[in-house]
Amino acid sequence: MPKSTPNNSRIGRIPPAELASLLREHYGIVFHYLLKATMNRTLAEDITQETMIRAIEKIDRYDGSSKFSSWLITIGTRLYLDFLRKRKREHESLKQQSKISALQWETESRGAEWTELLSSLEKLANEDRVPLVLKHYYGYTYEEIGQMMSLPPGTVKSRVHYVIRKIREERVKDEAY
Amino acid sequence: MKPTDQDQDNKLITDLRQDWEVLEKTYSVTPAPLDVWESLVHRQRQVTRRRLWRDLLLFWSVAVPLVSGVLFLGSGISAWFWLLQGISVIVGIPLAINEFKASWRKGASTYD
């Protein structure tokens, strides 16, 4: 996770050089989070870049009450959810499907194994992957995820449980074949 | 003994974490050199500042005709009032259309 956070006394007026260094340091964290959330490398790169630009624009609003990485992850999550809302049309979801298999192809071509579990993750609704990653990889609380996604904590909790059950069922089906 | 629901969930979460870690390692990231980031911050701050000035200009270009129109009406100079309203419409409508077009173009191309 994050290696550094801006000094509290200087938040809101971070010098450009320090901000540049912070963003550079956190670029990988945001990209890896979005890669897991989107399961699409190109989209993850695009939204990471957009997140960095938004962070520069909105740095005055960062009050230091959370980690800098959490603040960036919140921006990235909201941008991704906005993107999904804009792309609800059917032909876009078909386009998404074809891009998703590109990740499998690319992962395997880089010499890594593509597991059944990763396939199950791909099959999930895009909005469902986000809380799962935030909860079980980054260890955020349901309240924190709720704030990031503008959802009540109870909804986040039931969504995470539902997703885990769904993957488990998928796994049982795969093992049966 | 048959594993409980909780055991199965925990096993799944452990496996998920392992797969996510593999994914992270497979797609390792090398961020651009620091000077590239510095120039991005510099450029972006300039863009933000310019946008703020433009918004301020737009605000005053609406506020001035409105306030002075009310003042003209209040002091009984209706000819000046109508002249100002006319100019505002002629200048304001193309400006507003331009703004809408620009924001629509930006929205459409953000992730394309």
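The shown structure was predicted, so the numbers you read here are calculated from the model rather than taken from an experiment.

Thresholds applied
- Residues numbered from 1 in each chain as written.
- Chains lettered and ligands numbered in written order.
- Predicted model: local features only at pLDDT ≥ 70, side-chain atom pairs only at ≥ 80, totals over all residues.
- Helix = DSSP H or I, 4+ residues; strand = E, 2+ residues; numbered from the N terminus.
- Contact = placed C-beta atoms within 7 Å.
- Nonpolar A, V, L, I, M, F, W, Y, C, P; charged D, E, K, R; others polar.
- Axes fitted to C-alpha atoms, helices over the stretch in contact; angles between N-to-C directions.
- Parallel < 35°, antiparallel > 145°, perpendicular 65-115°, else oblique.
- Left-handed = near helix turned anticlockwise from the far one by under 90°.
- Buried ≥ 20, exposed ≤ 12 C-beta atoms within 10 Å, placed from the backbone.
- Arc of directions from axis to C-beta.

### Focus: the environment of A:Q49
Here comes step 1: Topologically, A:Q49 is positioned in helix α2 (residues 41-58).
Here comes step 2: Along the sequence, A:Q49 and A:K88 sit 39 residues apart, while their C-alpha atoms lie 22 Å from each other.

### Digging into the interface of chain A and chain B
Here comes step 1: With 31 residues of chain A at the contact, the number on the chain B side is 26 residues.
Here comes step 2: Mapped by element, the contributors of at least two residues to the side of chain A that touches chain B are α1 (16-38), α2, α5 (116-123) and α8 (153-176) of chain A.
Here comes step 3: The greatest single-element share of the side of chain A that touches chain B, amounting to 13 residues, is contributed by α1(A).
Here comes step 4: Split by residue class, the side of chain A that touches chain B holds 17 nonpolar, six polar and eight charged.

### Structural notes on the packing of α1(A) against helix α6 (residues 126-136) of chain A
All names here are of chain A.
Here comes step 1: The interhelical angle for the contact between α1 and α6, taken along N-to-C directions, is 135°, at an axis separation of 8 Å. Judged on the interaxial angle alone, α6 and α1 are oblique. In this structure, the crossing between α1 and α6 has a hand that is right-handed. Note on element contacts: α6 touches α1 through R129, V130 and V133, opposite Y33, K36 and A37.
Here comes step 2: For the contact of α1 with α6, a count of residues per class yields four nonpolar, no polar and two charged.

### Describing helix α7 (residues 142-149) of chain A
All names here are of chain A.
Here comes step 1: Among all positions in α7, only Y142, I145, M148 and M149 are buried. Within α7, the buried residues cover an arc of 120° as seen down the axis, which keeps them to one side.
Here comes step 2: Backbone geometry just downstream of α7 places S150 in the positive-phi region, at approximately 55°.

### Some thoughts on unusual backbone geometry
Residue and element names in this part refer to chain A.
Here comes step 1: Of note, the phi angle at M39 is positive, near 55°, even though the residue is not glycine.
Here comes step 2: When you line up the elements, M39 lands in the loop between α1 and α2.
Here comes step 3: A positive phi angle, near 55°, is found at S150, a position not held by glycine.
Here comes step 4: Its place among the elements puts S150 in the loop between α7 and α8.

Remember that the coordinates give geometry; whether it matters functionally is a separate question.
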